[in-house]
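# Notes for the structure review
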Amino acid sequence: MTADGATGAAPPRRQRSARLLGATSLAHFLNDGVAFFVPVVGDLLSQERHMSTLVVTAMLTTFYVVSATFGIGVGLVADAIGRRGTMMAVGIATLGISLLGFYASLVSAGAPADALVLVAAAVAGAGSSFYHPLGGSVLQLGYPAGSRGKALGINGAAGSLGRALYPALFFVIAALGISKAATTIVFAVLSLLAAVIVGFGLPKEVNHPAGARPHPSTPAGTGPVAGTGAARTVVPAGEAGPASHRGRRVQGAPLRSLLSRSVVALMSISFLRSVAFIGVVSWVPIYLTTQRHAGLSTSLGWTVTVMYAGGIAGQPVFGLLADRFDKRFVLALDSLGSAAGIFVFLSTSGTGAAALMALAMFGLFTFSGFPLLLSLVADYVPKSSSTTGNALVWGVGSTGGQAIGPLAVGLLTGGADANLGAAFAVLGALAAATVLATPLLERTSRSTRVALLG
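The shown structure was predicted, so the numbers you read here are calculated from the model rather than taken from an experiment.

Calculation rules
Residues numbered from 1 in each chain as written. Predicted model: local features only at pLDDT ≥ 70, side-chain atom pairs only at ≥ 80, totals over all residues. Heavy atoms only, no water. Helix = DSSP H or I, 4+ residues; strand = E, 2+ residues; numbered from the N terminus. Contact = heavy atoms within 4.5 Å. Areas by Shrake-Rupley, 256 points an atom, 1.4 Å probe, with all protein chains shown as cover. Phe/Tyr/Trp six-rings, centres within 6.5 Å; stacked < 30°, edge-to-face > 60°. Buried < 20%, exposed > 50% of the residue type's maximum accessible area, 1.4 Å probe, protein only. Core = buried A, V, L, I, M, F, W, Y, C linked by side-chain atoms within 4.5 Å. pLDDT = per-residue confidence, 0-100. Patch = residues over 30% accessible without salt bridge, like charges linked within 9 Å, V, L, I, M, F, W, Y side chains within 5 Å. Salt bridge = Lys/Arg side-chain N within 4 Å of Asp/Glu carboxyl O. Expected span 1.5 Å × (residues − 1). Arc of directions from axis to C-beta.

Moving on, we come to the overall build of the chain. Within the chain, the secondary structure is distributed over 16 helices and three strands. Sequence-distant contacts, at least 24 apart, represent 79% of the contacts inside the chain between residues at least 6 apart. Summing over all exposed atoms, the chain offers an accessible surface of approximately 18400 Å²; the carbon and sulfur share of this is 68%.

On to the packing of aromatic side chains, then. Aromatic ring pairs: the centre-centre distance and the angle between the two ring planes describe each pair. According to the stated counting rule, one finds three aromatic pairs in the structure shown. Ring plane angle 35° and centroid distance 6.2 Å describe the contact between Phe-70 and Phe-130, whose orientation is recorded as tilted. Taken together, the residues span a long stretch of sequence, with Phe-70 in helix α3 (residues 53-81) and Phe-130 in the loop between α5 (110-128) and α6 (131-142) at a distance of 60 residues. Taking the relative accessible area as the measure of exposure, Phe-130 reaches 11% and is therefore buried.

Our focus in this paragraph is helix α2 (residues 38-47). Along an α-helix, residues three or four apart share an orientation, since each turn contains 3.6 residues. By the criterion of burial, α2 is predominantly enclosed, with nine of the ten residues buried. When α2 is considered as a whole, its buried residues turn out to be Val-38, Pro-39, Val-40, Val-41, Gly-42, Asp-43, Leu-44, Leu-45 and Ser-46.

One finds Met-59, Met-88, Phe-102, Trp-283, Met-307, Tyr-308 and Phe-424 to be the most contacted residues of the largest nonpolar core, which totals 83 residues. The element that contributes the greatest number of residues to this core is helix α10 (residues 261-290), accounting for ten residues. With sequence-adjacent residues up to four places away left out, Phe-102 is seen in contact with Val-38, Val-41, Met-59, Val-117, Ala-120, Ala-121 and Ala-124. Grouped together as the second largest cluster of nonpolar side chains are 20 residues, Leu-258, Ala-265, Phe-365 and Leu-441 included.

Attention now goes to the confidence of the model for the chain. Averaged over every residue, the pLDDT of the chain is 74; the share at 70 or more is 73%. For the chain, strand β2 (residues 231-234) is the element with the lowest average pLDDT, namely 36, and helix α16 (residues 420-433) is the one with the highest, namely 94. Low pLDDT (under 50) marks residues 446-454, which in the prediction has 38 contacts with non-local residues, meaning those over four places away or in another chain.

A cluster of nonpolar residues, Ile-97, Leu-100 and Leu-192, forms a patch on the protein surface that exposes about 230 Å² of accessible area. Counting through the fold element by element, Ile-97 comes out in helix α4 (residues 84-106).

Take α16 next. Taking 1.5 Å of rise per residue, 14 residues should cover 20 Å, and α16 covers 20 Å from first to last C-alpha, within 8% of that figure. Leu-420, Gly-421, Ala-423, Phe-424, Leu-427, Gly-428 and Ala-431 are the residues of α16 that are buried. Projection of α16 onto a plane perpendicular to its axis shows the buried side chains occupying an angular sector of 155°, all on one side.

Taken as a whole, this structure holds three salt bridges when the rule is applied. A salt bridge links Arg-273 to Asp-334, with the shortest nitrogen-to-oxygen separation between them at 2.8 Å. Of this pair, Arg-273 sits in helix α10 while Asp-334 sits in helix α12 (residues 327-346), and the two are 61 residues apart along the sequence. Its relative accessible area of 3% is what places Arg-273 among the buried residues. A relative accessible area of 0% places Asp-334 in the buried class.

Shown next, in the form of structure tokens:
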């Protein structure tokens, strides 16, 4: 008999949880890896196929715009029909198909290549929009509250590793004798295989609509929530569900009521930070190749990896700081640190140790916004509307900024790669200027813990 009194219950529960975490972590690794690999594809198209800066800018903008807008539809469909595991697998498979499209653009020329790369970017944007709403929902519904944060943290680490390793892995595989264009096929096949693993690896429970079948690992008395939309059925903690509470509907607050001064200010800060950060991140590979003469080699891959790796350490550090200090101050520190990283990098030359340290510093601050922004959201919106609040700040704010960032750099450079350094300086100043909006955020007294990695 197990400790909880249920004979043989613990091993199946542990196995189910391991399958849940393993499959979603694999999906997160691949999703974020491919998403942050797209700028490297832009560099390949620019340098090897001599694609114009205008087309590369359109490719990056298409990718981020589609990713920002398509996710809303994914969430609505998932909440309506369930099938989260199946939809997650579809998202990963779609990313694999997009890589085949990028391969086609790399081996084509002229107008057909321009059209193919835009279509591939749109497909990649759609595929990348699946994981985060689905993966978060699967883990939230599949783990009890006492272990949910740990599961999300491990899962988030997998996404961070994907961002850090994919650019370097691409050039490592290409160095084995495979052409750079053909290397995209290798990653496409890996994504398609992973989609099959994710589709069959997740427990069947995740494919049921929220609330249709409570997850077996959810202990009694924890107040499970049935449903993930604005209207949810809540079973109060500690109660078996008496008639007076069973099936009670809890409506989220109207959208307009959530748009307080603090939420609007946080959305604006999130948007402008993202414009600055993603603008730099998207164009760094091309800047390193054209202005620092890094070349399309393993050296470029490792240099970009160093930048992404900074976020692996940054997220837990800033999550802990947010729990101990005024979150507004920590957010301002994060913005200033990222801006400083940009200017320090611009003061270096080549891709030596100084440049690598500056990029690591930039990544440390840049990829640490998740625990800061979402802990502030939890302070400013009621729990019944947390999903809507997150969508406003993270979806409209941060993801919307991602869509504008690459376009902003393209406009600032005027189509000339030689102007990338000046464009980065403007974006660094923009990131620093967001600190001026910090006083608009209301000071909060309570600490809201969130998963440190995402």
